[in-house]
Amino acid sequence: MRSARARRVGLLLVAGAMALQGCNRNDPPASQVEQAVADTVDQIEETPQPAGPYAPRDECAEVAGASPFLEDIRSAVSARNTEAFVALAAEDVKLDFGGGAGRDQLRSMLASETAPLWAKLDELMTLGCASDGDALITVPWYFAQEINTDSYSGMIVTGTGVPVHETAAKQAPVIGAVSWDVVELVDGGSGNSGFAHIRWQRRESPAGKPTVIEGYIDAKRLRSLIDYRLLAASRNGKWRITSLIAGD
C-alpha cells in the first residue's frame, strides 16, 4: 500500500501540472510550479484525515516475518482458499471457548466460499495489527489495547465522522459524529430500524455541549469489542495462527 507521504507527493505533482495548464505562459515555469505546490499543500493540510483513538494501526510491520505472514493470510482470504488458510494455522489452533480447536474444525468452518467466517475474516484483516514483542501479534489492533468498557455492550465505531442521530431515522437531526471510538449499546441494541441505540462518552466536548451523547447510529458501522480476533505466534521461526475466536 502506498504511504501517506507518497500519496501526498503524487497529489502535489498532479496539482502542479494542472495549475501550469491554466497559468500565463509568460510567467517563469518554476515560479508557477512553486505557487501551485504551495497552494496544494495548504489544501492538503486543511483536509481532515481519518483518525480516532482506535483507528487501525500497524505495529507489526517491524516484526520479523509478520508482514509476509499477514499478506499470506490476506491472499488466502481473498481467494477463499481454505487449504491455504488452514496451512497458516497451528495444529492446535483455538477456535472457541468450548474446547473447539484444530485444523480439521477450522477447515469445516470454511467449507464453502459462502461460509460466514470468510466475511468476518475480510473485515478482520482491515483493522490493523498489534505486536507484543517479536513473537506475538494480534488482529485487530484495538483488541490489544486497554478499553475500560463492558465487553458485551461495548462496540467500536468503524469509520470516521459517523453521525449520531437524535432518533432512529436517517433524516433525524445529527447530534454528534464518532470516529473510531468506543460506544456502549443501550437497551440491547437496534431492533429492526437498522440503527443502534448507543451512549458515547466524548473525549473532548465543545463548549456548551454535553460530554455524554445518547442517540442512534447506523448499526452496520458497529463492531463488537469481542468479535472475531486473530492471534498468531512465531514458533521456531515460523508464524502460525494460534487463536481465531469470538466471544469472551
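Worth saying up front: this structure is predicted, and the values here are computed from it rather than measured.

**Digging into the overall build of the protein**
Line of reasoning, step 1. Each helix and strand counted, the protein has six helices and twelve strands in total.
Line of reasoning, step 2. Residue pairs in contact within the protein that sit at least 24 positions apart in sequence constitute 56% of those at least 6 positions apart.
Line of reasoning, step 3. Surface summary for the protein: the accessible area is close to 14200 Å², and the carbon and sulfur share equals 51%.

**Thoughts on the environment of Lys220**
Line of reasoning, step 1. By secondary structure assignment, the location of Lys220 is in the loop between β9 (212-218) and β10 (222-224).
Line of reasoning, step 2. Once the C-alpha coordinates of Lys220 and Ala196 are considered, the two residues, 24 residues apart in sequence, prove to be 8.8 Å apart.

**Observations regarding the state of the cysteines**
Line of reasoning, step 1. Summed over all chains, the structure comprises one disulfide.
Line of reasoning, step 2. In this model Cys60 forms its disulfide with Cys129; the gap between the sulfur atoms is 2.0 Å. Judged by the sign of its S-S torsion, about -80°, the bond between Cys60 and Cys129 is left-handed. Remark: Cys129 occurs in the loop between α6 (116-124) and β2 (130-131) and Cys60 occurs in the loop between α2 (29-46) and α3 (66-79); sequence separation between them is 69 residues. Of the two residues, Cys60 and Cys129, both sit in the buried class.

**Here we look at the sheet that holds strand β1 (residues 89-94)**
Line of reasoning, step 1. Taken in spatial order, the five strands make up an open sheet running β1-β12-β11-β3-β2, and their pairing is mixed. In the strand order of this sheet, the two ends are held by β1 and β2, each with one partner.
Line of reasoning, step 2. Strand direction decides the pairing type here: strand β3 (residues 136-139) and strand β11 (residues 229-235), joined by four bridges, are antiparallel. Residue pairing across strands places Leu136 opposite Ala233, the latter belonging to β11.
Line of reasoning, step 3. Its contacts with the sheet place α3 against β3, β11 and β12 (238-245), and it is angled at close to 55° to β12.
Line of reasoning, step 4. Strand contacts of α6: β3, β11 and β12, with the helix running at about 115° to β12, the strand carrying the most contacts.

**Focus: the confidence of the model for the protein**
Line of reasoning, step 1. Within the protein, residue pLDDT values average 84, and 78% of them lie at 70 or more.
Line of reasoning, step 2. Overall, residues 1-25 carries pLDDT values under 50, and its contacts beyond four positions in sequence, including any with other chains, amount to 19 contacts.

**A closer look at the pattern of salt bridges**
Line of reasoning, step 1. For the structure on display, the rule yields nine salt bridges.
Line of reasoning, step 2. A salt bridge links Arg80 to Asp122; the nearest nitrogen and oxygen atoms lie 2.6 Å apart. With Arg80 in the loop between α3 and α4 (82-87) and Asp122 in helix α6, the pair connects residues that are 42 residues apart, well separated along the chain.
Line of reasoning, step 3. Residue Arg107 pairs with Asp104 through a salt bridge whose shortest N-O separation is 2.9 Å. With a gap of three residues between them, Arg107 and Asp104 both fall in helix α5 (residues 103-109), about one helical turn apart.
Line of reasoning, step 4. By relative accessible area, which is 28% here, Arg107 ends up partly exposed.
Line of reasoning, step 5. Residue classification places Asp104 among the exposed residues on the basis of a relative accessible area of 62%.
Line of reasoning, step 6. Each of the salt bridges in this network shares a partner with another, and the network as a whole consists of Glu83, Asp104 and Arg107.

**Some remarks on the nonpolar core**
One broad rule of soluble globular proteins: the nonpolar side chains tend to lie buried together.
Line of reasoning, step 1. If you look at the biggest cluster of nonpolar residues, it comprises 31 residues, and the most contacted ones within it are Ile73, Phe85, Leu106, Leu121, Ile137, Ile241 and Leu244.
Line of reasoning, step 2. Put simply, the parts of the chain that give this core at least two residues each are α3, α4, β1, α6, β3, β11 and β12.
Line of reasoning, step 3. Among the elements that make up this core, the one with the highest residue count is α3 (six residues).
Line of reasoning, step 4. Among the nonpolar cores identified, the runner-up in size contains twelve residues, and Val157, Val183, Ala196 and Ile198 belong to it.

What counts, and where the lines are drawn
Residues numbered from 1 in each chain as written. Predicted model: local features only at pLDDT ≥ 70, side-chain atom pairs only at ≥ 80, totals over all residues. Heavy atoms only, no water. Helix = DSSP H or I, 4+ residues; strand = E, 2+ residues; numbered from the N terminus. Contact = heavy atoms within 4.5 Å. Areas by Shrake-Rupley, 256 points an atom, 1.4 Å probe, with all protein chains shown as cover. Disulfide = S-S within 2.5 Å. Buried < 20%, exposed > 50% of the residue type's maximum accessible area, 1.4 Å probe, protein only. Pairing = 2+ DSSP bridges. Axes fitted to C-alpha atoms, helices over the stretch in contact; angles between N-to-C directions. pLDDT = per-residue confidence, 0-100. Salt bridge = Lys/Arg side-chain N within 4 Å of Asp/Glu carboxyl O. Core = buried A, V, L, I, M, F, W, Y, C linked by side-chain atoms within 4.5 Å.

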